[in-house]
Amino acid sequence: MKAFIDQQRVFFNSNQTKDLDFRIDQLQKLKSLLLSNQNRLNEAIYADFGKSPFETFTNEFGLVFLDIDEACRKLKKWAKRKRVRTNWVNFPAKSYIIPEPLGVSLIIGAWNYPYQLSLAPAIAAIAAGNTVILKPSELPSNTSKILAELINNSFDPGFFRVVEGGVDETSALLEQRFDKIFFTGSTNVGRIVYQAAAKHLTPVTLELGGKSPAIFTEGANLKMSVKRLIWAKFLNSGQTCIAPDYVLLPKSMKDAFLKLAKAEIEQASYAVENGNYIRIINDRNIERLKKLIDKEKIYFGGEILEQERIIQPTLMHHVTFDDAVMQEEIFGPILPVITYESLEGAISEVKKREKPLSCYVFTNDTFLKNKLLNELSFGGGAVNEAIMHISNSRLPFGGVGQSGMGSYHGEAGFKTFSHYKSILEKATWFETKLKYPPYSEGKLKWIKRLMGL
Ligand code: NAD
């Protein structure tokens, strides 16, 4: 691992990545590589967990291509040095800020959107002028393998290299010194990454998870809200970091909600053979999810096909915060519905828990919308929608507290992989005596007068 990093440090120090045209060329090259290998990339992800070409395009490559296009279009603007006003103390001078790449970056990906979660941070890192060592998740082994093959055969390994592997390889990488680590995954592994980075004082972005609530208020447009919510929840079989984890709604809305939710699931006719339902990633997760389903509390679904690693979309009712399903991030196709007596009570329950990655507010009431957005802390979210905030690259994407630190997408990604170097450039034709010794009462008086004291 050390040799890989040394090689990238040499490449970085050659200053090739400082050239904006180099960065744009590399991003275009990545886009062409992915486009010309679409069929193989589709086959690999289908073999891993049944993701259809439709979803592979909309949820993985579509976002990746938009990211590349935006970075190429806006890079020159993002990378420009920015003038700021100079204060009177430094007269005569100019002041400006130069964005510079951090250096050799390590990107560790999660398995649930294996292309997008590996490539989107890599695009941000390249746009900002870093070299990249990418370690995709080992669980979808076919996607990890094809990413390694395509990238390692096409890019200079001093600039962009994929290292495959699991815990051992990642631990070996984490022992090394990087200039930036970008991690997507669970909160527990996030802690390990943060500790390893602390040894070298390496800056870290952590994109983690959590239990993201969907909160309904009285008077919400139930039909439209349920349609959007059910789509967002069961996309990728619930294996989405920003999936609505559970629903909180007024008691009076429960029956109507459940009826509509069931109808929505039936209408979508989720099935592998329809190309619109995705397998659970592995047997360990099937076992984990099985334990979260309380058979007594199933309103709809609950069927598990262990061999095929499929869990039918499942709605649970009569759920309380003490149930097993409410003790961990679900990360699967199970939607628990909890009713509340008062919105205050619901807010207080959410506040007792860790800050989630997302929160979704379904309401037509401006006062209640603002109350929820103001009082709850979470990474990001949506009003009368779920998940789609991720698709707007002008919205920085990231968590807060246990759901992560730092953000990316669009310019936020460029900033995440940059250092902003502040420069004061002084003219030489003038100097005051005020700051120089010998110090005197007179000089101090002048300084105070200039400061308005
Ligand atoms: P994970 O933490 O198990 O694995 C993530 C990465 O860490 C993988 O590349 C894995 O190889 C590596 N890893 C695992 N154990 C390690 C260890 N002990 N030491 C060093 N490296 C290790 O997460 P996952 O199962 O791939 O993903 C699920 C979690 O990720 C969920 O909590 C989900 O919410 C979160 N997630 C967050 C985002 C986001 O953008 N915020 C996106 C996707 C997933």
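The structure displayed is predicted, hence computed values, not measured ones.

Criteria and cut-off values
- Residue indices follow the written sequence of each chain, beginning from 1 at its first position.
- Where local features are concerned, this predicted model is filtered to residues with pLDDT of at least 70; where side-chain atom pairs are given and counted, the filter is 80 or more; whole-chain, interface and lining totals use all residues.
- In computing side-chain properties, one takes all heavy atoms of the structure into account and sets aside hydrogens as well as water.
- Throughout this description, buried means an accessible area under 20% of the type-specific maximum (1.4 Å probe, protein chains only), exposed means over 50%, and partly exposed covers the range between.
- Counting from the N terminus, the helices are DSSP H or I runs at least four residues long and the strands are E runs at least two residues long.
- One bridge is not enough; two strands pair if DSSP finds at least two bridges between them.
- The span you would expect from a helix comes to 1.5 Å times its residue count less one.
- Arc definition: directions from the helix axis to the C-beta atoms.
- Contacts are assigned to residue pairs that have any heavy atoms within 4.5 Å of one another.
- Each domain's extent is set by a domain assignment, obtained either automatically or from a database.
- By buried area we mean how much accessible surface two parts lose on assembly, using a 1.4 Å probe and totalling the loss over both.
- The term salt bridge refers to a pairing of a side-chain nitrogen on Lys or Arg with a carboxyl oxygen on Asp or Glu at a separation within 4 Å.
- For the purposes of these results, a polar contact is taken to be a pair of N or O atoms within 3.5 Å, where, inside protein, one atom must be able to donate a hydrogen and its partner to accept one; residues adjacent in sequence count only when each atom of the pair is a side-chain atom.
- Under the scheme applied here, ten amino acids are nonpolar (Ala, Val, Leu, Ile, Met, Phe, Trp, Tyr, Cys and Pro), four are charged (Asp, Glu, Lys and Arg), and all others, including Gly, are polar.
- Helix axes are fitted only over the stretch in contact, all axes being lines through C-alpha atoms; the angle between N-to-C directions runs from 0 to 180 degrees.
- Residues are counted as near a molecule or strand when any one of their heavy atoms sits within 4 Å of it.
- Accessible areas in this description were obtained via Shrake-Rupley with a 1.4 Å probe; residue shielding takes into account the shown protein chains only.
- With respect to orientation, any angle under 35 degrees is reported as roughly parallel, any angle over 145 as roughly antiparallel, any angle of 65 to 115 as roughly perpendicular, and every other angle as oblique.
- Should the near helix be turned counterclockwise from the far one by less than a right angle, the crossing is left-handed, whereas a clockwise turn marks it as right-handed.

Most of strand 6 (residues 180–184) is tucked away, with five of its five residues classed as buried. On strand 6, burial covers both faces: Lys180, Phe182 and Thr184 on one face and Ile181 and Phe183 on the other are all buried. Where strand 3 (residues 104–108) and strand 6 come together, four bridges link them in parallel fashion. Looking at the pairing, Leu106 lines up with Ile181 of strand 6. Pairing of strand 6 with strand 7 (residues 204–207) involves four bridges; the strand directions are parallel. Opposite Phe182, over in strand 7, you have Thr205 as the bridge partner.

This part takes up helix 10 (residues 254–268). Over its 15 residues, helix 10 extends 21 Å from the first C-alpha to the last, a length consistent with the 21 Å expected when each residue adds 1.5 Å. Inspection of helix 10 places Lys254, Phe257, Leu258, Ala261, Glu264 and Ile265 among the buried residues, and these make up the whole buried set. Looking down the long axis of helix 10, one finds its buried residues gathered within 130° of arc, a one-sided arrangement. Exposed and oriented more than 90 degrees from the buried face of helix 10 are Asp255, Lys259 and Gln267. The secondary structure elements touched by the buried residues of helix 10 are strand 8 (213–216), helix 9 (222–234), strand 9 (246–250), strand 10 (298–300), strand 13 (314–316) and strand 14 (334–340). Remark: Ser269 follows helix 10 within two positions and exhibits a positive phi of approximately 35°.

The next subject is the domain arrangement of the protein. Each domain of the protein was delimited in the assignment, giving domain 1 (2–208 + 403–420) and domain 2 (213–397). Look at where the C-alpha atoms of domain 1 and domain 2 centre, and you get two points 30 Å apart. Every contact between the two is made by 25 residues of domain 1 and, on the other side, 24 residues of domain 2. Buried surface at the junction of domain 1 and domain 2, summed over both partners, amounts to about 2100 Å²; 53% is from carbon and sulfur atoms. It is Phe49, Trp111 and His409 in domain 1 that bury the most area against domain 2; as a group they hold 25% of the surface buried on that side. In this structure, the connection of domain 1 to domain 2 is made through zero salt bridges. The tally of links from domain 1 across to domain 2 stands at eleven residue pairs in polar contact (both at pLDDT 80 or more). Sorting the residues of the side of domain 1 that touches domain 2 by element identifies helix 3 (38–49), helix 4 (53–78) and helix 14 (410–416) as the ones contributing at least two each. For the side of domain 1 that touches domain 2, the per-class residue count stands at eleven nonpolar, nine polar and five charged.

Residue placement: Ser225 occurs in helix 9. We classify Ser225 as buried; its relative accessible area is 3%. Leave out the neighbours within four places in its chain, and Ser225 touches Phe216, Phe362 and Asn384.

Next up on the list: the side chain of Ser144. Among the secondary structure elements, Ser144 is positioned in helix 6 (residues 141–154). Take Ser144: its relative accessible area is 2%, and that puts it in the buried class. Side chain to side chain, Ser144 and Glu164 meet in a polar contact 2.7 Å long.

Here we come to the sheet that holds strand 2 (residues 93–101). If you walk across this open sheet you meet the three strands as 1-2-18, and the pairing is antiparallel. The sheet is open, and its two borders are formed by strand 1 (82–84) and strand 18 (418–426), each paired with just one other strand. The sheet shows a mean angle of 30° between the axes of neighbouring strands, taken without regard to direction. Note that strand 1 and strand 2 share three bridges and pair antiparallel. Counted as the bridge partner of Val84 is Ser95 from strand 2.

Taken together, 25 residues sit near the ligand, with Gly109, Glu138, Ser186, Leu208 and Glu329 positioned nearest. Interatomic distance of 2.6 Å between a side-chain N/O atom of Glu329 and an oxygen atom of the ligand. Bound to the protein, the ligand loses 88% of the 840 Å² it would expose on its own. Elements with a contribution of two residues or more to the shell around the ligand: helix 7 (167–175), strand 6 and helix 8 (187–200). Per-class residue counts for the shell around the ligand are 13 nonpolar, eight polar and four charged.

Close contact between helix 9 and helix 10 brings their axes to 9 Å; oriented N to C, the two are set at 55°. Our classification of the angle between helix 9 and helix 10 gives oblique. Taken as a pair, helix 9 and helix 10 cross one another with a handedness that is right-handed. Each of Leu222, Lys223, Val226, Lys227, Leu229, Ile230 and Phe234 in helix 9 lies in contact with helix 10, whose residues at this interface are Ala256, Phe257, Leu260, Ala261, Glu264, Ile265 and Gln267.

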